[in-house]
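Topology and contacts: notes
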Amino acid sequence: MELWVLFGSFVFLLLIGTPVAFCLGISSFATVLYLGLPPVVVFQRLNSGVSVFALMAIPFFIYAGDLMVRGDIARRLVALAGALVGHLRGGLGQVNVLASVMFGGVSGSAAADASAVGGLMVPQMKARGYDVDYAVNITVVGSIIALMIPPSHNMIIYSISAGGRISIADLFTAGIIPGLVLALSLMVAAWFVAKRRGYPTEPFPGLKALGNLFVSAVPGLILVAIIFGGVRSGVFTASESSNIAVVYALAITFFVYRTLSWHDFLEATKGAVRTTAMVLMVIGCASSFGWLLAYTRVPASMVALLKGVSDNPIIILLLLNVVLLILGTFMDMSPLIVITTPIFLPVATAFGVDPVHFGVILILNLGIGLCTPPVGAVLFVGCAVGKIPITHAMRTIWPFYGAAFATLMLVTYIPALSLWLPKLFH
């Protein structure tokens, strides 16, 4: 009965439009009252959920990404991507994907990627004869790449949700190859759609121009090397690297590019504070919710249930993917990571799945959810940038969904895509 109270109140509050953080907190509070536990338990779990030192990395990575966006880094990365792949079929579509790879390594946020890269690419694509739905679709699905490559703050949330026993450095490393596979899959899909619609290519600007654009973009790309190299080598932790990222972003945008105004600095600071407050509120309330799941032995029951369905890891992983894909269409990514990790990670490990490998599966899976209605946050951002209704985008987004699903299946059933690189560094 306590599970009916927990999930019933949560779903009801969600359906009437209550913010996710309050849905999680109120349903946790109602369940604690039903169980006869002290109500202060909810607030203790909320406090302990946000009192984790590793969470310090999230606001600073968000801040560094926002500073880079306002400091003209995105435009320079897009220009470099254009010189590299613009001459391929559907040139600007290919540029869009490669720009997401580069900018994702700076921001670590799918929404920031869709906003920054989309804000630059969608108007250019429309002006050069590309259909707006194509421009929006490639922007939306391409933004998932930012979740896979360092410095993805969702990887940090997963590590904390797993009890802090999974190395953030291993997770950062594990997402690189799957992120590149996703980029390649999307570029192939973009090529086929562009060929069918007869989209143009862009002229190759020449090696000299390519070299100049690379030099211009190098300071932004170095940030990725600092974050990944420092964390992977053990020189500093993820939390320390996020602070270094902010200092570096300020130095580059203020003193090298000289593109960050005082107004932009203040707006980036306020934006980072607002986003951090929302994220930490969700994480705290989700921690209370997750504790109640553990208290009511939901993870153990889920393992027993799925073992009763099948003892084949292939079938179990397929079922987990289906459940996560469905959940991802109804809730944002951060709370889902906190809620689902304690439930599904024991199931995955019980069937021999490495926790790092499962983390990559989870992040990619829920990333696809960000691009699907009815609660696809990145889909809303992309459509707002392109100024088209979601129904318009949904009619033609399927080739890009197909590329993302194909990548998810490859990552799920070929563990080496996630685990080979981390093992190489050990």
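What you see is a predicted model, and the numbers here were worked out from it, not measured in a lab. (Residues numbered from 1 in each chain as written. Predicted model: local features only at pLDDT ≥ 70, side-chain atom pairs only at ≥ 80, totals over all residues. Heavy atoms only, no water.)

Tallied over the entire structure, the rule returns twelve aromatic pairs. Summarising the aromatic geometry, the rings of F10 and F289 are spaced 5.4 Å apart at their centres and angled 55 degrees between planes, so their arrangement reads as tilted. Linking F10 in helix α1 (residues 2-15) with F289 in helix α15 (residues 262-295), this pair joins segments that are 279 residues apart in sequence. F289 carries the same exposure label as F10, and that label is buried. Aromatic pair F254 and F255: ring centres 6.2 Å apart, planes at 45 degrees, arrangement tilted. Exposure remark for F254: the relative accessible area of 29% places this residue in the partly exposed category. The exposed category is assigned to F255, whose relative accessible area is 65%. Within the aromatic cluster, the residues linked to one another by ring pairs are Y130, Y134, Y199 and F400. (Phe/Tyr/Trp six-rings, centres within 6.5 Å; stacked < 30°, edge-to-face > 60°. Helix = DSSP H or I, 4+ residues; strand = E, 2+ residues; numbered from the N terminus. Buried < 20%, exposed > 50% of the residue type's maximum accessible area, 1.4 Å probe, protein only.)

Moving on: the confidence of the model for the protein chain. In this model, the protein chain carries a mean pLDDT of 83, and residues with pLDDT of at least 70 account for 99%. Across the protein chain, helix α22 (residues 398-413) holds the top mean pLDDT of 94, while helix α16 (residues 298-309) sits lowest at 74. (pLDDT = per-residue confidence, 0-100.)

The subject of this paragraph is the packing of helix α17 (residues 313-328) against helix α19 (residues 355-369). Direction vectors running N to C along α17 and α19 enclose 35 degrees, while the axes themselves pass 8 Å from each other. The two elements α17 and α19 meet at a crossing, and its hand is right-handed. Mapping the contact onto sequence places L317, L320, N321, L324, L325 and G328 in α17 and F358, I361, L362, N365, L366, I368 and G369 in α19. (Axes fitted to C-alpha atoms, helices over the stretch in contact; angles between N-to-C directions. Left-handed = near helix turned anticlockwise from the far one by under 90°. Contact = heavy atoms within 4.5 Å.)

Examined against the element boundaries, D354 turns out to sit in the loop between α18 (333-350) and α19. Placed 345 residues apart in sequence, D354 and S9 show a C-alpha to C-alpha distance of 34 Å.

Ranked by internal contacts, the top residues of the largest apolar core, which has 145 residues, are Y134, L186, F358 and F400. Top element by residues in this core is α15. It accounts for eleven residues. Excluding its chain neighbours within four sequence positions, the residues that come into contact with L186 are V97, I138, V141, G142, I145, F400 and A403. (Core = buried A, V, L, I, M, F, W, Y, C linked by side-chain atoms within 4.5 Å.)

Looking at where T412 falls in the secondary structure, it is placed in helix α22. Residue T412 is classed as buried on the basis of its relative accessible area of 2%. Only 3.2 Å separates the side chain of T412 from the side chain of N321, close enough to count as a polar contact. Of the polar contacts made by the side chain of T412, one reaches the backbone oxygen of L408; its length is 2.7 Å. What T412 contacts, discounting residues up to four positions off in sequence, is L317, N321, H357 and I361. (Polar contact = N/O pair within 3.5 Å; in protein donor to acceptor, adjacent residues only side chain to side chain.)

Residue position: T253 is located in helix α14 (residues 238-256). The class for T253 is buried, based on a relative accessible area of 0%. Polar contacts involving the side chain of T253 include one to the main-chain carbonyl oxygen of L250, which spans 3.4 Å. Ignoring sequence-local partners within four residues, the contact set of T253 consists of L67, M68, G71, R258, T259 and L260.

This brings us to helix α5 (residues 73-85). With 13 residues, α5 extends 19 Å from end C-alpha to end C-alpha; this agrees with the ideal 18 Å at 1.5 Å per step. Within α5, the full set of buried residues consists of I73, A74, R76, L77, V78, L80, A81, A83 and V85. (Expected span 1.5 Å × (residues − 1).)

Tallying each qualifying case throughout the model produces zero disulfides. Sulfur of C23: no disulfide; nearest cysteine sulfur belongs to C285 and is 9.8 Å away. Overall, C23 belongs to the buried group, its relative accessible area being 0%. Here C371 stays unpaired: no disulfide links it, and the sulfur of C383, its closest cysteine neighbor, is 10 Å away. (Disulfide = S-S within 2.5 Å.)

Let us look at helix α4 (residues 57-70). In an α-helix, one turn spans 3.6 residues; hence positions three or four apart end up facing the same way. An ideal rise of 1.5 Å per residue puts 20 Å on 14 residues; α4 measures up with 20 Å between its terminal C-alpha atoms. Burial of α4 is extensive: eleven of the 14 residues sit out of reach of the surface. Burial in α4 covers these residues: A57, I58, P59, F61, I62, Y63, A64, G65, D66, L67 and M68. One or two residues past the end of α4 sits D72, with phi positive at roughly 75 degrees.

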